[in-house]
Amino acid sequence: MSLTKTERAVIVSMWGKISTQADAIGTETLERLFSSYPQTKTYFPHFDLHPGSAQLRAHGSKVVAAVGDAVKSIDDIPGALAKLSELHAYVLRVDPVNFKLLSHCLLVSVAARFPADFTAEAHAAWDKFLSVVSSVLTEKYR
Amino acid sequence: MVHFTAEEKAVVTSLWNKVNVEEAGGEALGRLLVVYPWTQRFFDNFGNLSSASAIMGNPKVKAHGKKVLTSFGEAIKNMDDLKGTFAKLSELHCDRLHVDPENFKLLGNVLIIVLANHFGKEFTPLVQAAWQKVVAGVATALAYKYH
């Protein structure tokens, strides 16, 4: 699965909007993840997961920033996320099923915040993009 | 079997009462076909599905989306017995329509996104969580009679 030129343009353009609320979206995405899929909390026994906690906000920012890195290097996502890919494979070892859950929650946040911009086309491009990001992050698992 | 608290039922019903079923149904089915193009395999006779705008504007997609979401409304009225509510539809989807149950999950999540798109801030993490339970319950119920 690779991103077409049109999809890349749509993704980059949508990122322009997302980046204006990056931290809030990151935090909200994690809140949505932990509310809808409580089993994902098992990866964060060391965190204070109350909504608005400093750790949640910091981690949310981190996650969205990494997505941003992938957007900025959209022509070479494996290169941009090489270190993160290793981290997930050898240290974090988050089960691959969870990337879909996180991606879904990110899309829900974006859809809620940018109703006019999150067209069917943008939805499709971003769903595909996050799927590519997830593949890169799980590429070295075995 | 999925169990809903009184609070979850209230949250779900309250949002559902504000949903324009015709509009949301068309939007959800349309987005399913756009975001996951392989799902178009079930709709060969729907005419022009050649682009996102063609799909979203397609009258057959809108009509069928409305039908699907209207049926979904039955789930909201019967959250304590989704399997019973969808027993016949489950048989239909298996025996006549031959739909892989994975598609129910895809549509459920697309519906969640459509609701988020429409309701914005009101679609809080807690509201989403209740709705994720509903769509998961419906998906399970629709797959229940498969054999």
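Note that the structure is predicted; figures quoted are calculated from it, not measured. (Residues numbered from 1 in each chain as written. Chains lettered and ligands numbered in written order. Predicted model: local features only at pLDDT ≥ 70, side-chain atom pairs only at ≥ 80, totals over all residues. Heavy atoms only, no water.)

Turning our eyes to something else, we now look at the overall build of chain A. Scanning chain A for helices and strands turns up seven helices and zero strands. When the helices and strands of chain A are read in sequence order from the N terminus, they spell out α-α-α-α-α-α-α. Taking 14 Å as the expected radius of gyration for a compact globule of 142 residues, we find that chain A reaches 14 Å, a close match to that expectation. When its C-alpha atoms are laid out on the principal axes, chain A stretches across 40 × 35 × 20 Å. By residue count, 49% of the 142 residues in chain A fall in the buried class. In chain A, once contacts between residues fewer than 6 apart in sequence are set aside, the share between residues at least 24 apart is 78%. Total accessible area on chain A stands at roughly 7100 Å², and carbon and sulfur atoms take up 57% of it. (Helix = DSSP H or I, 4+ residues; strand = E, 2+ residues; numbered from the N terminus. Rg over C-alpha atoms; globule rule 2.2 N^0.38 Å. Buried < 20%, exposed > 50% of the residue type's maximum accessible area, 1.4 Å probe, protein only. Contact = heavy atoms within 4.5 Å. Areas by Shrake-Rupley, 256 points an atom, 1.4 Å probe, with all protein chains shown as cover.)

Residues and elements named next belong to chain A. Contact pair helix 2 (residues 22-36) / helix 6 (residues 97-113): the axes reach a minimum separation of 8 Å and the direction vectors enclose 125°. Viewed along their axes, helix 2 and helix 6 adopt a mutual orientation that is oblique. In this structure, helix 2 crosses over helix 6, and the sense of that crossing is right-handed. Residues Ala-24, Ile-25, Glu-28, Thr-29, Leu-30, Arg-32 and Leu-33 of helix 2 pack against Leu-101, Leu-102, Cys-105, Leu-106, Val-108, Ser-109, Val-110, Ala-112 and Arg-113 of helix 6. In terms of residue class, the contact of helix 2 with helix 6 is built from 11 nonpolar, two polar and three charged. (Axes fitted to C-alpha atoms, helices over the stretch in contact; angles between N-to-C directions. Parallel < 35°, antiparallel > 145°, perpendicular 65-115°, else oblique. Left-handed = near helix turned anticlockwise from the far one by under 90°. Nonpolar A, V, L, I, M, F, W, Y, C, P; charged D, E, K, R; others polar.)

Further remarks concern the interface of chain A and chain B. At the junction of the two partners, chain A supplies 20 residues and chain B supplies 19 residues. Carbon and sulfur atoms make up 59% of the surface buried where chain A meets chain B, a total of about 1600 Å² over both sides. Counting every contact that joins chain A to chain B gives 11 residue pairs in polar contact (both at pLDDT 80 or more). Elements supplying a minimum of two residues to the side of chain A that touches chain B: helix 2, helix 6 and helix 7 (120-138) of chain A. Sorting elements by how many residues they give to the side of chain A that touches chain B places helix 6 of chain A first, with six residues. (Buried area = accessible area lost by both parts, 1.4 Å probe. Polar contact = N/O pair within 3.5 Å; in protein donor to acceptor, adjacent residues only side chain to side chain.)

Mean pLDDT over chain B stands at 96; residues scoring 70 or higher make up 100%. For this predicted complex, the interface confidence score (ipTM) comes to 0.89, while the overall pTM stands at 0.94. (pLDDT = per-residue confidence, 0-100.)

So, about the nonpolar core. By size, the foremost hydrophobic cluster in this structure holds 82 residues, and its most contacted members are Ile77(A), Trp126(A), Phe129(A), Phe72(B), Phe123(B), Trp131(B) and Val134(B). In terms of residue count, the dominant contributor to this core is helix 7 of chain A (11 residues). With residues up to four places along the chain from it excluded, the contact list for Phe72(B) reads Trp16(B), Leu111(B), Trp131(B), Val134(B), Val135(B) and Val138(B). In terms of nonpolar packing, the next biggest core, distinct from the first, is built from nine residues, Leu30(A), Phe44(A), Phe47(A) and Cys105(A) among them. (Core = buried A, V, L, I, M, F, W, Y, C linked by side-chain atoms within 4.5 Å.)

Evaluation of the coordinates by the stated rule reveals 13 salt bridges over all chains. Glu8(B) is paired through a salt bridge with Lys133(B); the nearest N and O atoms lie 3.0 Å apart. Here Glu8(B) is found in helix 1 (residues 6-16), whereas its partner Lys133(B) is found in helix 8 (residues 125-143), with 125 residues between them in sequence. Judged by relative accessible area, which is 19%, Glu8(B) ranks as buried. In this structure, a network of salt bridges that share partners links the residues Glu28(A), Arg32(A) and Arg113(A). (Salt bridge = Lys/Arg side-chain N within 4 Å of Asp/Glu carboxyl O.)

What follows covers the UniProt feature "domain: Globin" (unreviewed entry) in chain B. Here, the residues flagged by UniProt with the feature "domain: Globin" (unreviewed entry) are residues 3-147 of chain B. Secondary structure over residues 3-147 of chain B splits into 70% helix and 0% strand, and the C-alpha atoms at its two ends are 25 Å apart. (UniProt positions renumbered as here; feature names shortened; annotations may be inferred.)

We now examine the packing of aromatic side chains. All names here are of chain A. Under the definition given, this model contains nine aromatic pairs over all chains. Seen from their ring centres, Phe-34 and Phe-44 are 5.3 Å apart, and the 75° between their planes marks the pair as edge-to-face. Here Phe-44 lies in the loop between helix 2 and helix 3 (54-72) and Phe-34 lies in helix 2, a separation of 10 residues in the sequence. Every member of this aromatic cluster is reached through a ring pair, and the members are Phe-34, Phe-44 and Phe-47. (Phe/Tyr/Trp six-rings, centres within 6.5 Å; stacked < 30°, edge-to-face > 60°.)

Attention now goes to helix 7 (residues 102-119) of chain B. The terminal C-alpha atoms of helix 7 of chain B, which comprises 18 residues, lie 26 Å apart, in line with the 26 Å expected from a rise of 1.5 Å per residue. In the stretch just after helix 7 of chain B, Gly120(B) is the one whose phi turns positive, near 55°. (Expected span 1.5 Å × (residues − 1).)

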